[in-house]
Amino acid sequence: MNTARPPLAVVVKGWPRLSETFIAQELVALEAAGHDFEIWSLRHPTDIKRHPLHRQLKARVNYLPEYLYEEPDRVWRARAAAQQMVGYEEAYQIWRADLRRDATPNRIRRFGQACVLAAEMPDEVLGLYAHFLHTPSSVARYAAIMRGLPWSFSAHAKDIWTSPNWEIREKLSRTHHGAAFGATCTGFGARHLQAMADTPDRVDLVYHGLDLTRFPAPPERQPRLPQDPVHFMSVGRLVEKKGFDRLIAALALLPAGLDWHWTHIGGGGLGDLLQGMAEDEGISDRITWRGACDQPEVIEAMRSSDLFILPSRVAADGDRDGLPNVLMEAASQTLPILSTPVSAIPEFIDHGIHGLLSEDSPEALAEAMLYAARQPQKLAEMAGAALARLRTDFGMDPGITQLSKRLNAMLQCD
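Residues numbered from 1 in each chain as written. Predicted model: local features only at pLDDT ≥ 70, side-chain atom pairs only at ≥ 80, totals over all residues. Heavy atoms only, no water.

Novice: Can you walk me through the packing of aromatic side chains in this structure?
Specialist: The geometry of an aromatic ring pair is captured by two quantities: the separation of the ring centres and the angle between the planes. The full count for this structure, using the stated rule, is 15 aromatic pairs. Among the aromatic residues, those joined into a cluster by ring pairs are Tyr88, Tyr92, Trp95, Phe111 and Tyr142. Here the basic side chain of Arg320 rests over the ring of Trp161, its NZ or CZ set 4.4 Å away from the ring centre. (Phe/Tyr/Trp six-rings, centres within 6.5 Å; stacked < 30°, edge-to-face > 60°. Lys NZ or Arg CZ within 6 Å of the ring centre and 35° of its normal.)

Novice: Can you walk me through the sheet that holds strand E6 (residues 181-184) in this structure?
Specialist: Strands pair in a sheet through their backbones, by hydrogen bonds, and they do so in one of two ways: parallel or antiparallel. Read from one edge of the open sheet, seven strands run E3-E2-E1-E4-E5-E6-E7, paired in parallel fashion. In this open sheet, the two edge strands, each paired with only one partner strand, are strand E3 (61-63) and strand E7 (203-205). Averaged over all adjacent pairs, the angle separating strand axes in this sheet is 25°, with direction ignored. The sheet contact formed by strand E2 (residues 37-43) and E3 spans three bridges and is parallel. (Pairing = 2+ DSSP bridges. Helix = DSSP H or I, 4+ residues; strand = E, 2+ residues; numbered from the N terminus. Axes fitted to C-alpha atoms, helices over the stretch in contact; angles between N-to-C directions.)

Novice: What is the right way to look at the packing of helix H1 (residues 21-32) against helix H16 (residues 397-412) in this model?
Specialist: Two numbers describe a pair of packed helices, the interaxial angle and the distance between the axes. Interaxial distance between H1 and H16 falls to 10 Å at its minimum, and their mutual angle equals 65°. Judged by the angle between their axes, H1 and H16 are roughly perpendicular. The element H1 and its partner H16 pack so that their crossing is right-handed. Packed against H1, whose contacting residues are Glu26, Ala29 and Leu30, the element H16 presents Ile400, Leu403, Ser404 and Leu407 at the interface. Tallied by class, the residues present in the contact of H1 with H16 amount to five nonpolar, one polar and one charged. (Parallel < 35°, antiparallel > 145°, perpendicular 65-115°, else oblique. Left-handed = near helix turned anticlockwise from the far one by under 90°. Contact = heavy atoms within 4.5 Å. Nonpolar A, V, L, I, M, F, W, Y, C, P; charged D, E, K, R; others polar.)

Listed below in structure tokens is the structure:
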């Protein structure tokens with residue numbers, strides 16, 4: 001019986017997470033492409049429900065101490081072991097330099113988790129791959145330096161736009177023990193990171209895309225007349241960058257004669273605030289808050305809705321969406337899309353061709369929703385064009401092929 005452990009350690013912030021199914025999709029595809037790895041998660045799961053992809057993954061999942069004080073013996077044993085490693089002193093000095101610029105408990109926790117990761121990763125590990133450029137990449141980088149191994153990352157959205165420039169530059173610099181390569185899921189983000197790297201070819205554009213084999217064929221939608229009731233829906237966490245506060249204000253501006261209902265799917269910290277806004281606006285009886293749902297429930301809701309709305313915007317701290325996979329999921333079900341031209345969303349949606357892109361003000365969103373309700377045939381044509389573009393330009397396989405090539409090269413380097 002082969003008891004050898006895998007050569008790749010994949011570092012994630014939390015596992016499993018319903019809001020990060022793009023990571024699960026990628027990891028399942030990498031397993032199918034022949035990659036053998038273990039997951040090292042910085043946090044334990046909080047979601048009650050699971051996505052079908054989480055059940056498909058065969059990789060072993062290991063959990064690092066979420067908070068160092070909860071497992072002091074494990075942390076101190078790991079640090080003692082890490083101190084004997086050839087790269088510990090260099091990793092310690094790099095961390096100390098980082099700590100001087102970011103004197104936070106999170107930075108301290110990153111180093112403790114890195115010690116545990118470096119000590120507990122099996123000897124067979126030849127490289128590390130982290131999802132998200134901020135905390136998971138810091139833990140992977142420190143641990144890789146301790147063990148004398150290469151590391152790499154995949155960046156997404158918040159991690160790019162809320163990380164300090166000095167840290168991004170050093171993680172993309174060979175002289176600072178930066179990543180062997182980085183991947184990111186939008187052209188908008190790739191250009192930003194390439195401009196900060198010591199060499200642009202250190203960063204690849206790798207769209208997540210969508211594995212359409214996981215989704216049912218789009219439904220046979222019955223033509224909707226302009227005077228018919230219209231069912232709006234949204235999927236997304238209840239956080240600032242998703243813009244649902246402005247959507248609620250927009251819904252309140254719709255004319256009294258329009259028969260509409262809005263369904264929201266997703267959890268998040270702003271739930272009570274947003275529900276209170278809806279009550280204050282007098283529209284709470286037209287809204288259904290479903291909370292977190294698994295993928296079959298999301299797809300079922302998409303198939304019975306008339307317009308998908310994602311009013312993304314840039315948050316006060318700079319956080320923003322990349323290219324949300326949920327837009328492609330809506331397109332897979334020929335559900336017309338209304339969103340905003342934030343970040344990389346226009347890389348998938350051309351306004352008036354594949355969907356509607358609106359300013360994120362309540363007035364503009366209300367105008368766009370009213371147009372969608374009154375022009376169902378035009379919106380159906382846009383939905384068909386979005387599905388065609390999804391099938392042609394945003395399949396999953398090309399990105400997995402490029403990522404697989406990069407990981408193989410990293411693991412084979414001396």
